[in-house]
Amino acid sequence: MSTGTILHINAVGFPAAIEMNLDRSLKAWPFVVANERAPRAVVIAPSPSAHREGVRPGMVLSMAKSICPKLAVRPPQPELYRKIEDTLQKLCLSFTPLVEHAGTGHLYLDLAGTSRLFGAPEDASQKLRARIYEQTGLTPTLGLSSNKTVSKVATRVFRPSGFVALSANEESQLLRHQPAAILPGIGPVLLGRLSLLDIEEIGQIADLTAGEARALGPRGLELVMRARGIDSSPVDPEPVERKTVDDTIVFEPDTSDSEIMKIRLRSLVAELGFALRKANVGTHKTSVAISYTDGPTARATARTSQLLVRDDEIFSLAVQAFERAKKRRVRVRRLELILSEIDAAGASLDLFEPEEIRLFRFQSALDKVHSRFGFKALVPCSALLVANSLGGQS
């Protein structure tokens, strides 16, 4: 059987799996990894038994406890998790330089050209899996196919610790009768739209015409291609967290008004946040550079452990960086915003409280307008006031 060369590794419930390796007694007990002392604690990772009870990542801890009264809570150990993830990355790199980090416990590998050292791709995958277990104690799910979409769906089907190597014929067979919800790129809003169309399986998406696909939104055609098992995106060896997005505003005329600067900062956040969401990623870090009229440039950063996706969250962190940088009462000529420590975003709206659901839906609606008509089609009133005060500039 001839298989593809794209391998997806899915270490399901990565932090919880590590905790179970440290304390084997946890395997018999529902537990979550969560910072219980946080004012609004959320579940970082549930154990398999907690997942079976209905507990999900991102769920508010109080809600998780109401669903599962016997739920135990383990405090997170981020340094340990990073150390084990680094080990996982190094093990993958020992097989191929084409390794893409796609979120905590998720990696893609392109095993093309490795057969002389490690055998056929399916043999290489099994050898890698054995080494991962020997050095970390983890038994991740592995999916091997011709592209990233099919491999990722495979690891969602055969979780928590299976392995499947698919031939070209088997790829379409696997995809066709899987629930639409597990196709990469489909979130809760789109899933609701599909439900209204009585579309429940990936195969039904694959059968859509080009016109019907456009009705799903700007990425409709791309989703149909994915549902047909077509995905040409390469394995990107550049770590996603090293990528940055940035933009700059030059004030005309120069200004010392902090409120005007924050309003313009918000417009930078809107454009950069939109770019991140299109790529299905979020940010942990904002950096602001303020260039003063008399020459000096001040820089400051703000960071959070939470992955930020919505504009309101990113703006709040950007304001922290701005206020740390803005220490002089001199006019400002230029303002730059940089978003970094970027990581894959995969949270579902179903995991959040009603207020968060409302905010995510509002953000989604704004993105649709901006995608179709551009950023000038819908702007905050405060931005219009600033434009008027500057003589109509925007």
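Everything below is about the structure shown above.
Residues numbered from 1 in each chain as written. Predicted model: local features only at pLDDT ≥ 70, side-chain atom pairs only at ≥ 80, totals over all residues. Heavy atoms only, no water.

Novice: An account of the sheet that holds strand β7 (residues 141-145) is requested, with residue identities and associated values reported.
Specialist: Taken in spatial order, the five strands make up an open sheet running β5-β6-β1-β7-β8, and their pairing is mixed. Two strands in the sheet have a free side with no partner beyond their single neighbour: β5 (99-101) and β8 (163-165). Strand after strand, the sheet turns through a mean of 15° between neighbouring axes, direction not considered. Bridge count between strand β1 (residues 6-10) and strand β6 (residues 106-110): five bridges; the pairing is antiparallel. Pairing of Asn-10 across the sheet is with His-106, part of β6. (Pairing = 2+ DSSP bridges. Helix = DSSP H or I, 4+ residues; strand = E, 2+ residues; numbered from the N terminus. Axes fitted to C-alpha atoms, helices over the stretch in contact; angles between N-to-C directions.)

Novice: Account for the sheet that holds strand β2 (residues 31-34), naming residues and giving values.
Specialist: What the three strands build is an open sheet, ordered β3-β2-β4; its pairing is mixed. At either margin of the open sheet sits one strand with a lone partner, and together these are β3 (43-46) and β4 (72-74). When the angles between neighbouring strand axes are averaged without regard to direction, this sheet yields 35°. Here β2 runs beside β4; their pairing, made up of three bridges, is parallel. What sits directly across from Phe-31, in β4, is Ala-72. Here helix α1 (residues 14-22) sits on the sheet and contacts β2, β3 and β4; the angle it forms with β2, its principal contact strand, is near 115°. (Contact = heavy atoms within 4.5 Å.)

Novice: Residue-level account of the pairing of strand β10 (residues 281-292), with values.
Specialist: Of all 12 residues in β10, 11 are buried, a share of seventy percent or more. Examined bridge by bridge, β10 and strand β12 (residues 332-344) share 11 bridges and lie antiparallel to one another. For Tyr-292, the partnering residue across the bridge sits in β12 and is Val-332. Bridging between β10 and strand β11 (residues 297-308) involves eight bridges; their strand directions are antiparallel. Following the sheet pairing, Val-288 is matched in β11 by Ala-300. Here β10 folds back onto β11, and the loop between the two strands holds four residues, one of which, Gly-295, carries a positive phi near 120°. (Buried < 20%, exposed > 50% of the residue type's maximum accessible area, 1.4 Å probe, protein only.)

These values are about where atoms sit, not about what they do.
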